[in-house]
Amino acid sequence: MGQSPKGSSYNENGIGTIFFQGKAEFGDRFPQVRLYTTEPKKIACINDTLISVRAPVGELNIAHTDCCIGRGLAAIRSKSKQQSFIHYTMCHLKKELDIFNANGTVFGSINKISLNNMPIIIPPDEIIEQFEKIVEFNIDNNIKRAILGLGSSGIGKSAVIKQITERKNMGLIDLRLLLYTEADLKGIPLPNEDKTRT
């Protein structure tokens, strides 16, 4: 959870640490730099998911650099360095976070305890890493085949693919195969031995 430094430490001249107060600085994906502080209190690291904890609760951005965060924000970081999974898991929890917009006497808010107690399913790191390697291999080698992500619902399969395609500045067609069984599909695409095709 963020903590605002003294107002007298703020500046717009690039002196000190980049400071994000809340959702007002959020862009489509990354916050816009407007303020700096010479007395940072709480630091978010590059690639942390920034979440608005005051009205509106649940808006998300990604820290594009280390920065100070004010009391309107919290930073969420993966202990296992699976930051894309964490970010898209938080995107998936938007409905649950919207409940907190009705709380509070004047405006919505969420506290550290409520945020920490949100139920999420996190698969083992090796599953996320294996999936990410397969997806990145296909993208890096410009393989023009569909990528099939199999696994339980809500574990972040689509989120990992979306994050990689955005990082590579590629388009994405997200086709949900809810009506198909694995037997209907013709196998799982994996790289061949010489890693030239799937």
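Before going into details, it helps to say that this report is about the structure given with it. Here the residue numbers are simple positions, counted from 1 along each chain's written sequence. Side-chain atom pairs in this predicted model are given and counted only at pLDDT of 80 or more, local residue features only at pLDDT of at least 70, and totals for whole chains, interfaces and linings cover all residues. Excluded from the side-chain calculation are hydrogens and water; included are all heavy atoms of the structure.

### A short note on the state of the cysteines
Turning to step 1, where the next piece is worked out: Cysteine sulfur atoms are paired as a disulfide whenever they fall within 2.5 Å. All told, the structure shown has zero disulfides when counted by the stated rule.
Turning to step 2, where the next piece is worked out: The thiol of cysteine 68 is unpaired, and the distance to the nearest cysteine sulfur, on cysteine 67, comes to 7.7 Å.
Turning to step 3, where the next piece is worked out: Burial here depends on accessible area, computed with a 1.4 Å probe over protein chains only, as a share of the maximum for the residue type. Under 20% is buried, over 50% is exposed, and the range in between is partly exposed. Residue classification places cysteine 68 among the buried residues on the basis of a relative accessible area of 0%.

### Looking at the environment of glycine 14
Turning to step 1, where the next piece is worked out: Looking at the element boundaries, glycine 14 is found in the loop between β1 (10-11) and β2 (17-20).
Turning to step 2, where the next piece is worked out: With a relative accessible area of 38%, glycine 14 lands in the partly exposed category.
Turning to step 3, where the next piece is worked out: It is 9.4 Å that separates the C-alpha atoms of glycine 14 and valine 33, two residues lying 19 residues apart in sequence. Strands are runs of DSSP state E lasting at least two residues, helices are runs of H or I lasting at least four, and both sets are numbered from the N terminus onward.

### Thoughts on the pattern of salt bridges
Turning to step 1, where the next piece is worked out: Salt bridges are defined by distance alone: a side-chain nitrogen of Lys or Arg within 4 Å of a carboxyl oxygen of Asp or Glu. Counted according to the given criterion, the structure contains four salt bridges.
Turning to step 2, where the next piece is worked out: With a closest N to O distance of 3.1 Å, glutamate 25 and arginine 34 form a salt bridge.
Turning to step 3, where the next piece is worked out: The class for glutamate 25 is buried, based on a relative accessible area of 2%.
Turning to step 4, where the next piece is worked out: A residue is classified by how much of its surface remains accessible, and arginine 34, at 40% relative accessible area, is partly exposed.

It is worth stressing that arrangement in space is one thing and function is another; only the former is reported here.
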